[in-house]
Amino acid sequence: MNNQSSVIYQLDGKPRLREAVPLGLQHILAMFVGNVTPLIIISNTLNLPLSDKTMLVQCAMFVSGLITLIQCYKIGPFGAKLPIVMGTSFGFVPVATAVGLKYGYEGILGACLIGAIAEILFGNTMKKLRKFFPPVVTGTVVLAMGISLLPTGINYFAGGVGAADFASPSNLILGTIVLVTVLFCNQYTKGITSIASILIGLVVGYIVAIPMGKVDFSQISQMSILALPTPFKFGFEFHIDAIFAFMCIYMVSAIETVGDITAITNCGIGREATDKEITGGIMADGLGSMIGSIFGVLPNTSFGQNVGIVAMTKVVNRHVVATGAAFLIIAGIFPKFGALISLMPASVLGGASVMMFAMIAVSGIKLITSEELTNRNSTIVALSLGVGVGLSLVPGVLANMPESIQLIFGDSGLVLVALIAVILNIILPKEESIIETSSKLNNQVS
């Protein structure tokens, strides 16, 4: 692979700027709305003033870009040196809502800060705990992650939850145009148009949405040209119950990150992730969340949709993702730039997201089947998905449980999936593979 075009498929290759910019921007467009939406939801729930909401969105972009760079290039023990895009986690929205209504935004940030420190310590011990996360466990978590993200993709496809025109023909048509464009470019073209199929689909959808009246550029005029993110805008309050609830979600976030890292190395590089990559990735998760709390935003984590892009395009170059991170930092400093991207209609993003989220689920299947699918492994996968994902599809099952239990186990089901998979992997008896058995028989015969 000496030709320049192959560089983007190498982890450490130096791509041309004309390749790095569109491919990096593709990553940012795919995660941009998801990065700011959790903060918009919490801001609306707590009735924060518009000025605070605008600043939080700006800080979310800045922190996301900063931590993405740390994941790509590593600072000390923090970072995996892999193409991992970081962003504000949707997984913390339910518990943040409950904590915020009880203790205010300061209570959320206090729990974020302490929980982030706990995740850093957890990541530091990951080398010793790695044996508890074989492919059947991480693959099951990745598969559950892809399945749990699909409703989000479909909701975007239909126009976004709460939209006045939810599931309208115009939204469904717009999402379909994006999906067909992505599929066509990915399968029927070659070179940069195939690799950047998601970006092309998003751009085409954006352009089509303008004459449909789905993009309101008047909002951009209200944004200032330059504004620096402000740390310590909000205070911190520390409450034991809030901290415990957040720490539980942080542990799930860490396992999700293990799944994301494993999926990236497996699908993009064709190997298992190293202990150093997993440890550094989780610790960067914690560091990002700690920095995020200082800037007033919710915890950061690796973004599954961007893992889907890597799985779909096979572009594993970390400099490409770092180029995208630079756009995030620019968006955090120049609000008008960020506003231009944030105006992308939800149905446009949904058209691309459905494909990306499904690819995450496929990555999980590949991980699970990278080992022999024995009766033991099949049981781990079946029971973890059956209980974890099943309960998330019927949230009323936990209606009579304490609110903390509902928040921890009833949102996406990932907590239960991960917990059950880890426990079953520990307690179920190991099975000898057919190869090992035949080898023993051959030794006895000889």
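The preceding data block contains the structure.
Residues numbered from 1 in each chain as written. Predicted model: local features only at pLDDT ≥ 70, side-chain atom pairs only at ≥ 80, totals over all residues. Heavy atoms only, no water.

Novice: Give a detailed account of the packing of helix H3 (residues 93-124) against helix H10 (residues 275-294), specifying residues and quantitative values.
Specialist: Close contact between H3 and H10 brings their axes to 8 Å; oriented N to C, the two are set at 165°. The angle between the axes of H3 and H10 places the two elements in the roughly antiparallel class. Judged by the sense of rotation from one axis to the other, the crossing of H3 with H10 is left-handed. Across the interface between the two elements, Leu-109, Cys-112, Leu-113, Ala-116, Ile-117, Glu-119, Ile-120, Phe-122, Gly-123 and Asn-124 from H3 touch Thr-279, Ile-282, Met-283, Asp-285, Gly-286, Leu-287, Ser-289, Met-290 and Ser-293 from H10. Tallied by class, residues from the contact of H3 with H10 come to 11 nonpolar, six polar and two charged. (Axes fitted to C-alpha atoms, helices over the stretch in contact; angles between N-to-C directions. Helix = DSSP H or I, 4+ residues; strand = E, 2+ residues; numbered from the N terminus. Parallel < 35°, antiparallel > 145°, perpendicular 65-115°, else oblique. Left-handed = near helix turned anticlockwise from the far one by under 90°. Contact = heavy atoms within 4.5 Å. Nonpolar A, V, L, I, M, F, W, Y, C, P; charged D, E, K, R; others polar.)

Novice: Describe in detail the packing of helix H2 (residues 50-73) against helix H12 (residues 318-333), supporting the description with residues and values.
Specialist: At a minimum axis distance of 7 Å, the contact between H2 and H12 shows a crossing angle of 155°. Here H2 lies roughly antiparallel to H12, going by the angle between them. In the packing of H2 onto H12, the handedness of the crossing is left-handed. Packed against H2, whose contacting residues are Gln-58, Met-61, Phe-62, Ser-64, Gly-65, Leu-66, Thr-68, Leu-69, Cys-72 and Tyr-73, the element H12 presents Arg-318, His-319, Val-321, Ala-322, Ala-325, Leu-328, Ile-329, Ala-331, Gly-332 and Ile-333 at the interface. A per-class count over the contact of H2 with H12 returns 13 nonpolar, six polar and one charged.

Novice: Run through the state of the cysteines, naming residues and quoting values.
Specialist: Counted by the stated rule, this structure contains zero disulfides. Lacking any disulfide linkage, Cys-248 is separated from the closest cysteine sulfur, that of Cys-112, by 14 Å. (Disulfide = S-S within 2.5 Å.)

Novice: Talk me through the side chain of Thr-265; I want residue IDs and the actual numbers.
Specialist: By the secondary structure assignment, Thr-265 is in helix H9 (residues 240-269). Beyond its immediate stretch of four places on either side in the chain, Thr-265 contacts Leu-82, Gly-270, Arg-271, Glu-272, Ala-273 and Glu-277.

Novice: Before we move on, could you go through the nonpolar core and cite the residues and values that matter?
Specialist: In terms of nonpolar packing, the biggest core is built from 83 residues, with Ile-42, Leu-56, Tyr-105, Ile-108 and Phe-246 touching the most fellow members. At 13 residues, the largest contribution of residues to this core is made by H9. With residues up to four places along the chain from it excluded, the contact list for Ile-42 reads Val-93, Ala-96, Thr-97, Tyr-105, Ile-108 and Leu-298. Grouped together as the second largest cluster of nonpolar side chains are 45 residues, Ile-28, Val-85, Ile-198 and Ala-322 included. (Core = buried A, V, L, I, M, F, W, Y, C linked by side-chain atoms within 4.5 Å. Buried < 20%, exposed > 50% of the residue type's maximum accessible area, 1.4 Å probe, protein only.)

Novice: So, the pattern of salt bridges: which residues are in play, and what are the values?
Specialist: This model, assessed by the stated rule, comprises five salt bridges. Asp-275 is the partner of Arg-130 in a salt bridge, and the nearest nitrogen-oxygen pair spans 2.7 Å. Here Arg-130 is found in the loop between helix H4 (126-129) and helix H5 (135-157), whereas its partner Asp-275 is found in helix H10, with 145 residues between them in sequence. Salt-bridge contacts for Arg-271 lead to Glu-277; the nearest nitrogen and oxygen are separated by 2.7 Å. (Salt bridge = Lys/Arg side-chain N within 4 Å of Asp/Glu carboxyl O.)

Novice: Lay out the packing of aromatic side chains in plain terms, naming residues and giving numbers.
Specialist: Taken as a whole and assessed by the stated rule, the structure comprises six aromatic pairs. Centroid distance Phe-92 to Phe-246: 5.8 Å. Interplanar angle 25°. Geometry classified as stacked. With Phe-92 in the loop between strand S1 (86-88) and H3 and Phe-246 in helix H9, this pair connects stretches of sequence that are 154 residues apart. By the ring-pair criterion, three or more aromatic residues cluster together here, those being Phe-92, Phe-246 and Tyr-250. (Phe/Tyr/Trp six-rings, centres within 6.5 Å; stacked < 30°, edge-to-face > 60°.)

Novice: I'd love a proper account of helix H11 (residues 304-313), names of residues and values included.
Specialist: Buried residues dominate H11, accounting for 10 of its 10 residues. For H11, the set of buried residues is Gly-304, Gln-305, Asn-306, Val-307, Gly-308, Ile-309, Val-310, Ala-311, Met-312 and Thr-313. Looking one or two residues beyond H11, the residue adopting positive phi is Lys-314, at roughly 65°.

Novice: Describe the environment of Ala-209, and please don't skip the residues or the numbers.
Specialist: By the element assignment, Ala-209 lies in helix H8 (residues 197-209). Distance in space between the C-alpha atoms of Ala-209 and Ile-360 is 27 Å, their sequence separation being 151 residues. In this structure, Ala-209 is in contact with Leu-174, Lys-214, Val-215, Pro-345 and Val-348, ignoring residues within four places of it in sequence.

Novice: Can you tell me about unusual backbone geometry, naming the residues and giving the values?
Specialist: The residue Ala-167 is not glycine, and still its phi comes out positive at about 65°. Locating Ala-167 in the fold gives a position in the loop between H5 and helix H6 (169-188). Even without glycine at this site, Phe-232 takes up a positive phi of about 55°. Position of Phe-232 among the secondary structure elements: in the loop between H8 and H9. A residue is classified by how much of its surface remains accessible, and Phe-232, at 56% relative accessible area, is exposed.

Novice: So what about H2? Which residues, and what values?
Specialist: Here H2 contains 24 residues, and its C-alpha end-to-end distance of 35 Å stays within 8% of the 34 Å for a straight helix at 1.5 Å per residue. Of all 24 residues that make up H2, 17 are buried, and the element is covered over most of its length. At the C-terminal side of H2, Lys-74 shows a positive phi close to 70°. (Expected span 1.5 Å × (residues − 1).)

These values are about where atoms sit, not about what they do.
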